[in-house]
Amino acid sequence: MKIARFSRIGFILAAAGSAVGLGNIWKFPYIAGEYGGGAFVLIYLITVLLIGFSIMIAEMLIGYLGKRDGVTSFEELAPRNKHLWKFGGFQGLAGLFIMIFYSVVIGWIFHYIVTSITHLPTNVQEAETTFNAMLHTNIFTQLFYHTLAFIWITYILTKGIKGGIEKMNLVLMPTLMIILLGMFAYAVSLDTFGQAVDFMFKADWSKIDSKAFVTAVGHAFFTLSLGMGAIMTYSASMEKGSNLVTNAFWVVFLDTSIAIVAGLMLFTFLYQYGSGPAKGPGLVFISLPAAFYEMGIIGNVFAVLFFIALAFAGLTSSVSLVEPMVQYFMDRFSWSRLKASISMGLFFYLIGIIALLSNIDGYKELLTWGDKNFFDWVDHFTAAIMLPLGGLVMAIFVGFVIEKQRVESVLRPQLGFAFDTWYFSLRYITPVAMFIVMLSFMGVL
Ligand code: PFF
């Protein structure tokens, strides 16, 4: 099967579109808030540089050399034991699982675009009541917007690499960056900007324990879209002769800068108009809308623009989460793109409804096991097991299984003297880090 190719800028924007998602704008600021800012942000940045960047290059390499869906690429590149190594490619399943809750959250964002136009909450209590009402009682609103998310994402997937994914990213990514930069420029002009900078960069090491460390590593992975075949699958459509290292650099750079810009902007607004850095997932859905209200008329405009940007970030990531399995069914079973996209779309849509219901009073009890409901279990399972496992397999595969000279022939010219450091880190540092993350999430450490 012939795979369509991205243009150079199309690839960078699509891979950055995958990386820049709810993780950057929704999750990063609130976990940074939870772990006290500065020191956590530093650990996260170091992890991104040391581990994230090197795995990103490795994942791109598998796609670039394999040129097929993940499973086939692993199978073809493994010199021996192909029938076993091909399972490495099933990391694409993680993306589909993540979509089960990701799509529900995109639904909330759609809903917030609309409510930002009609009515912003006048204070944090009202914001909290509104959010909880939506989350715990309002099945139909959530279902409606979850359905819209499903239709949008599936439609783009049916249009393929060039006409769907590349085209969407070429429009949405620049728009998202313009919106965020515009709002960031406004934030810089406010008195509290300095406070936000202090919060994000002044390190208070007392807040750092092993849990913060593991969260930082896990988040670096999630935010860079590593370990679930998204980057690998896009890289199968990279132009011949592309420079993987430059591409990986751009993706990591855009992803990290957008997380920092979003974090600084949100904390400035929260210091100036709200109650300071809020903790927990409610930051964006509760504290922020109330702060926008305090801003007056410009706050109304910002609120709408902000949730549009957030929706764009989520949608461009979503298509990359589903595409690996779409590609798999097209390549291995000769399914048409239409059939593969609709089937995969229905998978996350229908199971997503269960995730949605697991937050609703009356269903919650049925769909909760132990300390987590279905929604949280899917999040936990993917972040704790599937993702680090994907990273571990990939590092071992590129570090030990593919012949060194094959890896070297592509990457030595691009990495130059840094090749040996990269190779060493991939073989020894990354697998250990992934293993520790997995054990710690599972509660063993
Ligand atoms: N990187 C995305 C985010 O930060 O929200 C989420 C994501 C997308 C994870 C695609 C994994 C992936 F394959």
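Residues numbered from 1 in each chain as written. Predicted model: local features only at pLDDT ≥ 70, side-chain atom pairs only at ≥ 80, totals over all residues. Heavy atoms only, no water.

### Looking at the overall build of the chain
Just so we agree on the cut-off: Under the scheme used here, helices are H or I runs from DSSP no shorter than 4 residues and strands are E runs no shorter than 2 residues, and both carry numbers assigned from the N terminus. Contact criterion: two residues are considered in contact whenever any of their non-hydrogen atoms come within 4.5 Å of each other. The Shrake-Rupley method, run with a 1.4 Å probe sphere, supplies the accessible areas, and residue values consider only the shown protein chains as cover. Only four residue types enter the tally: Lys and Arg on the positive side, Asp and Glu on the negative side; His and the chain ends are excluded. For the purpose of locating charges, the reference atoms are NZ of Lys, CZ of Arg, CG of Asp and CD of Glu.
For the chain, the count of helices and strands is 19 helices and 2 strands. A principal-axis box enclosing the C-alpha atoms of the chain has dimensions of 60 × 45 × 45 Å. Nonlocal contacts in the chain, meaning residues at least 24 apart in sequence, comprise 82% of its contacts between residues at least 6 apart. Split by element, the accessible area of the chain, about 16,900 Å² in all, is 68% carbon and sulfur. Charge centroids of the chain, computed over 26 positive and 25 negative side chains, lie 12 Å from each other.

### Regarding the pattern of salt bridges
The cut-off we apply is this: Salt bridge criterion: a side-chain nitrogen from Lys or Arg within 4 Å of a carboxyl oxygen from Asp or Glu. Accessible area is worked out with a 1.4 Å probe on protein chains only. A residue is then buried under 20% of its type maximum, exposed over 50%, and partly exposed in between.
Using the criterion set out here, one finds 9 salt bridges in the structure. With its nearest N and O atoms 3.1 Å apart, the salt bridge here joins Asp361 to Lys364. Two residues, Asp420 and Arg412, come together in a salt bridge whose shortest N-O distance is 3.2 Å. According to the relative accessible area criterion, Asp420 is partly exposed, its value standing at 41%. Within the structure, one salt-bridge network assembled from shared partners comprises Arg68, Glu76 and Asp331.

### Details of the nonpolar core
To be explicit about the condition: Here, nonpolar core means buried Ala, Val, Leu, Ile, Met, Phe, Trp, Tyr and Cys residues that are tied together by side-chain atoms lying within 4.5 Å of each other.
Phe285, Phe292, Phe306, Leu411 and Trp422 are the most contacted members of the largest nonpolar core, which totals 174 residues. The element contributing the most residues to this core is helix 15 (residues 297–333), with 19 residues.

### Details of a positive patch on the surface
How we decide: Only residues whose relative accessible area exceeds 30% and that form no salt bridge are eligible for patches; like-charged ones are grouped when within 9 Å, while nonpolar side chains (Val, Leu, Ile, Met, Phe, Trp, Tyr) are grouped when within 5 Å.
Taken together, Arg5, Lys67, Lys82, Lys240 and Arg406 make up a surface patch of like positive charges. The topology assignment puts Arg5 in the segment before helix 1 (8–19).

### Here we look at the environment of Leu176
In this structure, Leu176 sits in helix 9 (residues 160–188). Setting aside residues up to four positions removed in sequence, Leu176 forms contacts with Val20, Ile258, Ala309, Phe312 and Ala313.

### Some words on helix 10 (residues 193–201)
For the record, the criterion: This arc is built from the directions going out from the helix axis to the C-beta atoms.
Within the span of helix 10, buried status applies to Phe193, Ala196, Phe199 and Met200. Each buried residue of helix 10 lies within a common arc of 120 degrees when the element is viewed along its axis, so the set occupies one face. For helix 10, the elements touching its buried residues are helix 2 (22–34), helix 3 (38–66), helix 9 and helix 13 (244–273).

### Looking at the side chain of Thr233
Locating Thr233 in the fold gives a position in helix 12 (residues 230–235). We classify Thr233 as buried; its relative accessible area is 2%. Not counting residues within four places of it along the chain, the set of residues in contact with Thr233 comprises Glu323, Pro324 and Gln327.

### Quick look at the site of the ligand
The condition that has to hold: Nearness is judged by heavy atoms alone; a residue qualifies as near a molecule or strand once a single heavy atom is within 4 Å of it. A 3.5 Å cut-off defines polar contacts: any pair of N or O atoms within that distance qualifies, except that in protein one atom must be a possible hydrogen donor and the other a possible acceptor, and neighbouring residues in sequence count only when both atoms are side-chain atoms. In this classification, the charged set is Asp, Glu, Lys and Arg, the nonpolar set is Ala, Val, Leu, Ile, Met, Phe, Trp, Tyr, Cys and Pro, and all remaining amino acids, among them Gly, are polar.
Surveying the vicinity of the ligand reveals 15 residues, the closest of which are Ala19, Gly23, Tyr102, Phe222 and Ser225. Between Asn24 and the ligand, the recorded distance is 3.3 Å, taken from a side-chain N or O atom to an oxygen atom. For the ligand, a nitrogen atom lies 3.0 Å from a polar atom in the side chain of Ser225. Protein contact buries 100% of the 340 Å² of open area that the ligand shows by itself. Looking at the shell around the ligand, the elements with two or more residues in it are helix 1, helix 2, helix 11 (210–223) and helix 15. Residue composition of the shell around the ligand, grouped by class: 7 nonpolar, 8 polar and no charged.

### Looking at the packing of aromatic side chains
To be explicit about the condition: Under the pairing criterion, centres of Phe, Tyr and Trp rings, with the six-membered ring standing for Trp, must be within 6.5 Å; the plane angle then separates stacked pairs below 30 degrees from edge-to-face pairs above 60, leaving the rest tilted.
As enumerated under the stated definition, the model contains 43 aromatic pairs in all. Relative to Tyr349, the ring of Phe150 has its centre 4.5 Å away and its plane inclined at 20 degrees; by these criteria the two rings are stacked. Placement of Phe150 in helix 8 (residues 139–158) and of Tyr349 in helix 16 (residues 337–357) is noted, with a sequence separation of 199 residues between them. Residue Phe150 is classed as buried on the basis of its relative accessible area of 13%. Given a relative accessible area of 13%, Tyr349 falls into the buried group. On the basis of an interplanar angle of 15 degrees and a centroid distance of 5.7 Å, the ring pair of Phe249 and Phe253 is categorised as stacked. With Phe249 and Phe253 both in helix 13 and 4 residues apart, the pair spans about one turn of that helix.

### Notes on the packing of helix 8 against helix 9
Stated formally: Here an axis means a line fitted to C-alpha atoms, over the contact stretch when the element is a helix, while the angle between two N-to-C directions is reported on a 0 to 180 degree scale. Should an angle fall under 35 degrees it is called roughly parallel, over 145 degrees roughly antiparallel, and 65 to 115 degrees roughly perpendicular, with every other angle called oblique.
Put simply, helix 8 and helix 9 touch, their axes get as near as 6 Å, and they point 125 degrees apart. Considering the angle they form, helix 8 stands oblique to helix 9. Residue-level contacts link Trp152, Ile156, Leu157 and Thr158 of helix 8 to Gly160, Gly164, Ile165, Met168 and Leu172 of helix 9. Split into classes, the residues belonging to the contact of helix 8 with helix 9 amount to 6 nonpolar, 3 polar and no charged.

### Focus: the confidence of the model for the chain
For any part of a model where pLDDT is low, the fine detail of the predicted coordinates should not be relied upon. The criterion, for reference: Looking at any residue, its pLDDT shows the predictor's confidence there, from 0 to 100.
In the predicted model, the chain carries a mean pLDDT of 92, and the fraction of residues at 70 or more is 98%. Looking over the chain, one finds the lowest element-wise mean pLDDT in helix 11, namely 86, and the highest in helix 8, namely 98.

### Here we look at the packing of helix 14 (residues 282–294) against helix 15
One way to put it is that helix 14 packs onto helix 15 with a least axis distance of 9 Å and a crossing angle of 150 degrees. Judged by the angle between their axes, helix 14 and helix 15 are roughly antiparallel. For the pair helix 14 and helix 15, contact is made by Val284, Phe285, Leu288, Pro289 and Phe292 and by Gly299, Asn300, Phe302, Ala303, Phe306, Phe307 and Leu310, respectively. Of the residues belonging to the contact of helix 14 with helix 15, the class tally is 10 nonpolar, 2 polar and no charged.

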